[in-house]
There are 2 protein chains.
Amino acid sequence: MAARLSSAQDYKGLLDKYDTWLFDCDGVLWQGDRLIEGVPEVLSLLRTHKKRILFVTNNATKSRKSYKKKFDQLGLEAHVDEVFGSAYASAVYISTVMKMPKHKKVYVVGMKGLEEELEEEGIQHLGGTDPADNTLAEFHLKNFHPDPDVGAVLCGLDTSINYTKLSKAFTYLRRNPGCAFLATNIDSTYPSAEGLLPGAGAISAPLATALGRQPLSIGKPAETMMDCIKAKCQFDPTRAIMVGDRLNTDIEFGNRGGLSTLLVLTGITHESEVVGPNASTTIPTYFTNSIGDLRTAIS
Amino acid sequence: MAARLSSAQDYKGLLDKYDTWLFDCDGVLWQGDRLIEGVPEVLSLLRTHKKRILFVTNNATKSRKSYKKKFDQLGLEAHVDEVFGSAYASAVYISTVMKMPKHKKVYVVGMKGLEEELEEEGIQHLGGTDPADNTLAEFHLKNFHPDPDVGAVLCGLDTSINYTKLSKAFTYLRRNPGCAFLATNIDSTYPSAEGLLPGAGAISAPLATALGRQPLSIGKPAETMMDCIKAKCQFDPTRAIMVGDRLNTDIEFGNRGGLSTLLVLTGITHESEVVGPNASTTIPTYFTNSIGDLRTAIS
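On a predicted model such as this, the values are computed, not experimentally measured, just so you know. (Residues numbered from 1 in each chain as written. Chains lettered and ligands numbered in written order. Predicted model: local features only at pLDDT ≥ 70, side-chain atom pairs only at ≥ 80, totals over all residues. Heavy atoms only, no water.)

Q: Teacher, can you tell me more about the pairing of strand β2 (residues 20–23) of chain B here?
A: A regular strand places its side chains so that they alternate between the two faces of the sheet. All names here are of chain B. Residues Thr-20 and Leu-22 point to one face of β2 and Trp-21 and Phe-23 to the other, with burial holding for every one of them. Where β2 and strand β5 (residues 52–57) come together, 4 bridges link them in parallel fashion. The residue bridging Phe-23 from the neighbouring strand is Phe-55, located in β5. In terms of strand pairing, β2 meets strand β14 (residues 240–244) through 4 bridges, oriented parallel. Across the sheet, the residue bridging to Thr-20 is Ala-240, located in β14. (Buried < 20%, exposed > 50% of the residue type's maximum accessible area, 1.4 Å probe, protein only. Helix = DSSP H or I, 4+ residues; strand = E, 2+ residues; numbered from the N terminus. Pairing = 2+ DSSP bridges.)

Q: In this structure, what is going on with the packing of aromatic side chains? I would like to understand it.
A: In this description, a pair of aromatic rings is defined by centroid distance and the angle of the planes. Inspection of every chain in the model, using the stated rule, returns 24 aromatic pairs over all chains. A centroid spacing of 5.1 Å and a plane angle of 75° characterise the contact between Trp30(B) and Phe71(B), whose relative ring orientation is edge-to-face. Taken together, the positions of Trp30(B) in strand β3 (residues 30–31) and Phe71(B) in helix α3 (residues 64–73) put the pair 41 residues apart, joining distant regions of the chain. Considered together, Trp30(B) and Phe71(B) belong to a single accessibility category, that of buried residues. Ring geometry for Tyr67(B) versus Phe71(B): centroids 6.1 Å apart, planes at 65°, classification edge-to-face. Placement of the pair is Tyr67(B) and Phe71(B) together in helix α3, with a separation of 4 residues, close to one helical turn. Looking at Phe71(B), the relative accessible area reads 0%, which means it is buried. An aromatic cluster is present here, built from Tyr18(A), Trp21(A), Phe23(A), Trp30(A), Phe55(A), Tyr67(A), Phe71(A) and Tyr286(A) joined pairwise through their rings. Lying across the ring of Tyr88(A), Arg64(A) places its NZ or CZ 3.6 Å from the centre. (Phe/Tyr/Trp six-rings, centres within 6.5 Å; stacked < 30°, edge-to-face > 60°. Lys NZ or Arg CZ within 6 Å of the ring centre and 35° of its normal.)

Q: I'm lost on the pairing of strand β12 (residues 195–198) of chain A in this one. Help?
A: All names here are of chain A. With 4 bridges joining them, strand β11 (residues 189–192) and β12 adopt antiparallel strand pairing. When the sheet's bridge partners are listed, Ser-192 is paired in β12 with Gly-195. Between β11 and β12, which pair antiparallel in sequence order, lie 2 residues.

Q: Got a minute to help me understand the side chain of Glu82(A) in this structure?
A: Residue and element names in this part refer to chain A. Structurally, Glu-82 is set in the loop between α3 (64–73) and β6 (83–85). Take Glu-82: its relative accessible area is 10%, and that puts it in the buried class. If sequence neighbours within four positions are ignored, Glu-82 has contacts with Arg-47, Ile-53, Leu-54 and Phe-55. (Contact = heavy atoms within 4.5 Å.)

Q: How should I be thinking about the relation of the copies chain A and chain B in this particular structure?
A: The relation between the two copies of this chain is a rotation about an axis and a shift parallel to it. For the pair chain A and chain B, the best superposition has an RMSD of 0.0 Å and corresponds to a rotation of 180° with a translation of 0.0 Å parallel to the axis. Both copies of the chain, as the preceding transformation shows, are related through a two-fold rotation axis. (Least-squares fit on C-alpha atoms with pLDDT ≥ 70 in both.)

Q: What is the right way to look at the interface of chain A and chain B in this model?
A: Accessible area lost during the coming together of the parts is what is often quoted as the interface size. At the junction of the two partners, chain A supplies 34 residues and chain B supplies 34 residues. Each partner contributes to the roughly 2900 Å² buried at the junction of chain A and chain B, and carbon and sulfur atoms together form 69% of this total. There are 2 salt bridges connecting chain A and chain B. With a closest N to O distance of 3.8 Å, Glu194(B) and Lys142(A) form a salt bridge. Counting every contact that joins chain A to chain B gives 6 residue pairs in polar contact (both at pLDDT 80 or more). The set of elements that each furnish at least two residues to the side of chain A that touches chain B consists of α6 (163–175), β11, β12 and α7 (200–211) of chain A. When residues in the side of chain A that touches chain B are grouped by element, the largest group, 7 residues, is from α7(A). Looking at side-chain class alone, the side of chain A that touches chain B contains 17 nonpolar, 13 polar and 4 charged residues. (Buried area = accessible area lost by both parts, 1.4 Å probe. Salt bridge = Lys/Arg side-chain N within 4 Å of Asp/Glu carboxyl O. Polar contact = N/O pair within 3.5 Å; in protein donor to acceptor, adjacent residues only side chain to side chain. Nonpolar A, V, L, I, M, F, W, Y, C, P; charged D, E, K, R; others polar.)

Q: Help me out: how do you make sense of the side chain of Lys70(A) in this one?
A: Relative to the helices and strands, Lys70(A) resides in helix α3. Setting aside residues no more than four positions away along its own chain, Lys70(A) makes contact with Trp30(A), Gly32(A), Asp33(A) and Lys62(A).

Q: Please explain helix α4 (residues 86–97) of chain B as it appears in this structure.
A: Owing to its 3.6 residues per turn, the α-helix brings residues three or four apart onto one side. Residues and elements named next belong to chain B. When you tally the buried positions in α4, you get 10 out of 12 residues, the bulk of the element. If you check which residues of α4 are buried, you get Ser-86, Ala-87, Tyr-88, Ala-89, Ser-90, Ala-91, Val-92, Tyr-93, Ile-94 and Ser-95. One or two positions beyond α4, positive phi appears at Lys-99, with a value near 50°.

Q: I keep staring at the UniProt feature "active site" (unreviewed entry) in chain A and nothing clicks. Help me out?
A: Residues and elements named next belong to chain A. Per the UniProt record, "active site" (unreviewed entry) is found at Asp-24 and Asp-26. Relative to the helices and strands, Asp-24 is located in the loop between β2 (20–23) and β3 (30–31). Judged by relative accessible area, which is 7%, Asp-24 ranks as buried. Those residues within four positions of Asp-24 in sequence are excluded, and the remaining contacts are Leu-29, Val-56, Thr-57, Lys-220, Met-242, Val-243, Gly-244, Asp-245 and Asp-250. Side chain to side chain, Asp-24 and Lys-220 meet in a polar contact 2.9 Å long. Topologically, Asp-26 is positioned in the loop between β2 and β3. Assessed through its relative accessible area of 12%, Asp-26 is described here as buried. Sequence-distant contacts of Asp-26, that is, excluding residues within four places in its chain, are made with Gly-32, Asn-59, Tyr-67, Tyr-190, Pro-191 and Asp-245. (UniProt positions renumbered as here; feature names shortened; annotations may be inferred.)

Q: What am I meant to see in the domain arrangement of chain A here?
A: All names here are of chain A. As assigned here, chain A comprises domain 1 (3–58 + 221–297) and domain 2 (100–217). Computed from C-alpha atoms alone, the centre-to-centre distance between domain 1 and domain 2 is 30 Å. Opposite the 10 residues of domain 1 that make contact, domain 2 presents 10 residues. Summed over both partners, the interface of domain 1 with domain 2 buries about 710 Å², with 47% contributed by carbon and sulfur atoms. Broken down residue by residue, the surface that domain 1 buries against domain 2 is led by Asp-26, Asn-58 and Arg-246, which jointly contribute 54%. Counting the contacts that link domain 1 with domain 2 gives 1 salt bridge. For the pair domain 1 and domain 2, the number of links is 2 residue pairs in polar contact (both at pLDDT 80 or more). Along the lines of polarity and charge, the residues of the side of domain 1 that touches domain 2 split into 2 nonpolar, 5 polar and 3 charged. (Domains from an automatic or database assignment.)

Written out as structure tokens, the structure is:
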């Protein structure tokens, strides 16, 4: 059963026990564009105690650089090499795990941040923000000339999703069984500043349905994301903690990686999903109302 | 095991045995805009023998009236009251089974034909072809004022699918548990004139993923479609045959309804799915290469 943290002593114990702190961002540090109370103090506290901080997000609409800007705007200290996004992890997966040859290309159902991370890894891409693919004009297969060098279709959250992009991605995957079907993540919803909206999992769902198979998802809870982090940062999992608001992504991710996990209730998960008769089978090590509560450890 | 039809005698036997002939259209009578060889002769033969003919299609992009025009353009005799489309069946379901009050509205993720059928049944609708909802502009929940009278979200094939429509539909369904989640059909693919494209099932998939629940599907193979036909036409199921190209829609639909079934191989299904070690568990009564083969019964 998950242990509920509430006293200053609980939080001080946590500070002593863990050297590496992995944070999900949306629903943990902020809600949309609104910082969660106490977050700046808690992050400062961790930095003062020389803790290693990593930000691990499934948000693939932003590159690490743009994500760093979000921290700047909210007045939070963060460094690009502390940020691990599913867009970045996808690009690393394509170049280092798939080892896709340099002449091959990725057809992107996603946004600018995803394209930027592919470019950083030297991966050629099509689709994405290309105006020709961002249209509601009728799609005709006969006018579509598939690029024979497309070796993967990569789906992330794409608020410009449309039938042309879906039809092209479907055609690449259907006609070429060797074409990899990847998703940055399959979060069902996306916590916008104003409320929940369909997430990246809803963007790859039409293709999964039409093809009758699921994409390989790179982001949390997949091990691919953990491998990507471990390739850049050495840390002892037994002295590391993953803090998140989603049981099926953040907590599952930490649990699978052998880390301790802390669920916060400032995001998507309700307390009834953690304790009681309807609790999920994914159990965090700890849970607390808000990461801001760790401030009490300061006093 | 399904019986393969091949001789003139086989086809003559079929003519004697069945009075009511239900036909799927795409992949059976035509492929996209191309008529399948022999279809006019076979339909004429059936009419000459005083057989009742019904056209049962999951295509919800067209109303029955527009669908009738497709027959006209291809030079095939058809009457509006012989056509049962999933758009029509959805409208009938909403008005007669759900008995949705007249002041309530349907939010449509679909096209003009679907709106026309709703209008024929006197059902108010939003979304659909409304230019405000056919946009790739960024969607903001704060600018969206949900209509409290929306009592159902209805999804059909929509080649203008976009994030605004998905977000509105998601919001109606998420905030109002009493709002019905309906799909005209959940065919995974759509056989366009130029090849396969994502189908209506791919259009409701993002919502099903984001909501974590499936829509009620009205079209084949659901009994709702059969109920809709039986409400308008009396026939003896033991003397009726459903002709189709899809095992999981057409054949399943006929089998469930207690009809005999004839699979044709001019559409989506390959012979290896009917006979041999990898055959589907959905078994048609008969199968043949093409409905055009019935011409041999004329001689």
